[in-house]
Amino acid sequence: QTDVAGDIADILLTEEQIGAKLDELAAQIDRDYEGKDLLLVGVLKGAVMVMADLSRRLHTKAEMDWMAVSSYGSGTKSSGVVRILKDLDTDLTGRNVLIVEDIIDSGLTLSWLVANLRSRGPASVEIAAALRKPEAAKVDVEVKYVGFEIPNEFVVGYGLDYAERYRNLPFVATLAPHVYS
Ligand code: PRP
Ligand code: MN
Ligand code: MG
């Protein structure tokens, strides 16, 4: 079976709900960065969808750059030790950086990334994340723009993958049990 519909259990957030929330976040970002130039930093691969949808709602002049990072260690859980697979092309000196992420789970990836980017001499570093799982937090990360707080369940879609699949779903959903077996 190649159609993903049969793999979905529950839809947590619809495309419409996500879009409406991004309208709000974009308006807030436009207000906060008025008169400033903005560098959006997307964290590959999960942030591709939210980067595309959020950036298209902004009126602020923005550049986009990308980083790819990977946690050391086994499995899919963040260890907090992060390796840069693809670094930014952009010099951050004096820049207003907004990191764009799909989800904050343990917070380990972002807490490392914020510290790393802050050490490069930017004017500011803030975070915009589509989703956050408060119950999964292992470290506190200050996130200025959050779309939705969701329960601590495994979700896919809107950039989020299970074994690299389901990123292309336009909504956020849980998977049917048969997918895991
Ligand atoms: C996922 C997600 C976040 C990170 C959150 O990325 O996209 O980047 O994990 O986890 P944390 O808060 O526990 O650190 P992943 O490492 O799976 O890479 P991907 O974006 O390529 O799927
Ligand atoms: Mn990611
Ligand atoms: Mg992943």
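Residues numbered from 1 in each chain as written. Chains lettered and ligands numbered in written order. Predicted model: local features only at pLDDT ≥ 70, side-chain atom pairs only at ≥ 80, totals over all residues.

(A) Local environment of helix α3 (residues 108-118). Looking at α3, one finds that the buried residues are Leu-108, Thr-109, Leu-110, Ser-111, Trp-112 and Leu-113. Buried-residue contacts for α3 involve β2 (38-44), β3 (62-71), β4 (82-86), β5 (96-104) and β6 (124-132). (Buried ≥ 20, exposed ≤ 12 C-beta atoms within 10 Å, placed from the backbone. Helix = DSSP H or I, 4+ residues; strand = E, 2+ residues; numbered from the N terminus. Contact = placed C-beta atoms within 7 Å.)

(B) Examining the nonpolar core more closely. Val-41, Leu-54, Leu-98, Ile-99, Val-100 and Ala-128 are the most contacted members of the largest nonpolar core, which has 44 residues in total. Counting residues per element, the ones that place at least two in this core are α1 (15-32), β2, α2 (48-55), β5, α3, β6 and β8 (172-175). Sequence-distant contacts of Leu-98, that is, excluding residues within four places in its chain, are made with Leu-38, Leu-40, Val-41, Glu-126 and Ala-128. (Core = buried A, V, L, I, M, F, W, Y, C linked by C-beta atoms within 7 Å.)

(C) Structural view of the sheet that holds strand β7 (residues 145-149). With mixed pairing, the six strands of this open sheet are ordered in space as β4-β3-β2-β5-β6-β7. Two strands close off the open sheet at either side, each with one partner strand: β4 and β7. Between one strand axis and the next, the sheet turns by 30° as a mean value, whatever way the strands run. With seven bridges joining them, β2 and β3 adopt parallel strand pairing. Each bridged residue has a counterpart across the sheet, and for Val-41 the counterpart in β3 is Asp-65. (Pairing = 2+ DSSP bridges. Axes fitted to C-alpha atoms, helices over the stretch in contact; angles between N-to-C directions.)

(D) Fine view of the pairing of β2. The buried fraction of β2 is high, at six of seven residues. Assessed by its sense of winding, the connection that carries the chain from β2 through α2 to β3 is right-handed. Bridge count for β2 against β5 is five bridges, and the pairing is parallel. Along β5, the bridge assignment pairs Leu-40 with Leu-98. (Right-handed = clockwise from strand over helix to strand, strands pointing away.)

(E) Quick peek at the pairing of β5. Of all nine residues in β5, eight are buried; the element is thus mostly enclosed. Relative to β6, β5 runs parallel, the two being bridged by eight bridges. Paired with Ile-99 across the two strands is Ile-127, which belongs to β6. Between the parallel pair β5 and β6, the chain is carried across by α3, and the sense of this crossover is right-handed.

(F) Summary view of the confidence of the model for the protein chain. Across the protein chain, pLDDT averages 95, with 95% of residues at or above 70. For this predicted complex, the interface confidence score (ipTM) comes to 0.97, while the overall pTM stands at 0.95. (pLDDT = per-residue confidence, 0-100.)

(G) Fine view of α2. Most of α2 sits out of view: six of its eight residues are buried. Listed as buried for α2 are Met-49, Val-50, Met-51, Asp-53, Leu-54 and Ser-55. Buried residues in α2 make contact with α1, β2, β3, β5 and β6.

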